[in-house]
Amino acid sequence: MKRLFLFFAICIIATQVNAQVAGKLTQIINTEQATYGQACYMSAVATGMAQDTDTYERCFDILKSEDIIRGNPSLKDPITAKNFAYMISKTWNINNSVFYRITNHPRYAFKQMKAAGVIPSNYYPNKILSGQEMLNIITLCLDKFDATERN
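Remember, it's a predicted structure, so these values are computed and weren't measured experimentally. (Residues numbered from 1 in each chain as written. Predicted model: local features only at pLDDT ≥ 70, side-chain atom pairs only at ≥ 80, totals over all residues. Heavy atoms only, no water.)

Colleague: I would appreciate a short explanation of the overall build of the protein chain in the present structure.
Modeller: Within the protein chain one finds seven helices and zero strands. Ordered by position from N to C terminus, the α and β elements of the protein chain give α-α-α-α-α-α-α. Buried positions account for 43% of the 151 residues belonging to the protein chain. Restricting to contacts in the protein chain with at least 6 residues of sequence separation, those with at least 24 account for 61%. Element-wise, carbon and sulfur atoms account for 54% of the exposed surface of the protein chain, whose accessible area totals about 8,700 Å². (Helix = DSSP H or I, 4+ residues; strand = E, 2+ residues; numbered from the N terminus. Buried < 20%, exposed > 50% of the residue type's maximum accessible area, 1.4 Å probe, protein only. Contact = heavy atoms within 4.5 Å. Areas by Shrake-Rupley, 256 points an atom, 1.4 Å probe, with all protein chains shown as cover.)

Colleague: Would you explain unusual backbone geometry in this entry?
Modeller: Excluding glycine, residues mostly have negative phi values, and the peptide bonds linking residues are mostly trans. Even without being glycine, Asp67 reaches a positive phi, approximately 60°. Taking the relative accessible area as the measure of exposure, Asp67 reaches 53% and is therefore exposed.

Colleague: Looking at this structure, I do not really get the packing of helix 2 (residues 36-47) against helix 4 (residues 81-91). What am I missing?
Modeller: Packed helix pairs are characterised by how far apart their axes lie and by the angle those axes make with each other. One way to put it is that helix 2 packs onto helix 4 with a least axis distance of 11 Å and a crossing angle of 25°. Relative to helix 4, the element helix 2 is oriented roughly parallel. Viewed along their axes, helix 2 and helix 4 form a crossing whose handedness is right-handed. Along the contact surface, helix 2 presents Tyr36, Ala39, Cys40, Ser43 and Thr47, while helix 4 presents Asn83, Phe84, Met87 and Thr91. The residue inventory of the contact of helix 2 with helix 4, partitioned by class, reads five nonpolar, four polar and no charged. (Axes fitted to C-alpha atoms, helices over the stretch in contact; angles between N-to-C directions. Parallel < 35°, antiparallel > 145°, perpendicular 65-115°, else oblique. Left-handed = near helix turned anticlockwise from the far one by under 90°. Nonpolar A, V, L, I, M, F, W, Y, C, P; charged D, E, K, R; others polar.)

Colleague: Would you mind going over helix 7 (residues 131-144) with me for this structure?
Modeller: A turn of α-helix holds 3.6 residues, and therefore any two residues three or four places apart point the same way. Here helix 7 contains 14 residues, and its C-alpha end-to-end distance of 20 Å stays within 8% of the 20 Å for a straight helix at 1.5 Å per residue. Restricting attention to buried positions, one finds in helix 7 the residues Gly131, Glu133, Met134, Leu135, Ile137, Ile138 and Cys141. (Expected span 1.5 Å × (residues − 1).)

Colleague: Can you help me understand the packing of helix 2 against helix 7 in this one?
Modeller: At a minimum axis distance of 11 Å, the contact between helix 2 and helix 7 shows a crossing angle of 20°. Compared by their axis directions, helix 2 and helix 7 come out roughly parallel. For the element pair helix 2 and helix 7, the recorded crossing hand is right-handed. The segment helix 2 lies against helix 7, with Gln38, Ala39, Met42, Ser43 and Ala46 engaging Met134, Leu135, Ile138 and Leu142. Of the residues assigned to the contact of helix 2 with helix 7, the class counts are seven nonpolar, two polar and no charged.

Colleague: Looking at this structure, I do not really get the nonpolar core. What am I missing?
Modeller: One recurring pattern in soluble globular proteins is that nonpolar side chains are buried together. Of all hydrophobic cores here, the largest spans 41 residues; its most connected members are Phe84, Met87, Met113 and Ile137. Taken together, the elements giving at least two residues each to this core come down to helix 2, helix 3 (56-65), helix 4, helix 6 (106-115) and helix 7. The residues contacting Met87, other than those within four sequence positions of it, are Tyr36, Ala39, Cys40, Ser43, Leu63, Ile68, Ile69 and Ile79. (Core = buried A, V, L, I, M, F, W, Y, C linked by side-chain atoms within 4.5 Å.)

Colleague: What should I look at first to understand the pattern of salt bridges in this one?
Modeller: Two side chains carrying opposite charge are able to pair once their charged atoms lie near each other. In the structure shown here, the tally under the stated rule is one salt bridge. Where Lys127 meets Glu133, a salt bridge forms, and the shortest distance between an N and an O atom there is 3.1 Å. As far as the burial class goes, Lys127 and Glu133 line up, both buried. (Salt bridge = Lys/Arg side-chain N within 4 Å of Asp/Glu carboxyl O.)

Below you can see the structure in the form of structure tokens.
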């Protein structure tokens, strides 16, 4: 009887955790202006730096400690295409351009991602991304770049 009760308890807990992760991803996709916290979550989870059950704050702290986030943004600040490109180029193993290597500026990471076909050609650097746009970029990164070998 105890085993049966324990089995059902574990099933209920596992279902709740899975529902939270799906809910978090749905919330990100439906966001019109993606935040740094959401971008950090998607990038850190996609590359295995964080678990999908981690919070936005935890993922933000992980990327901040790895010096992947440029400047001093807050968790709830909207993220631009160039800053998301910078985050991705630091997270994934991407062969960056010469100008990016010299200056380490997000604009050149953005240009490199555009040239690689990860960021659509009609985006401009200061465009604030939606959750759906961010998911599309992450999906293309998963297809094109190796997430296991970090810079």
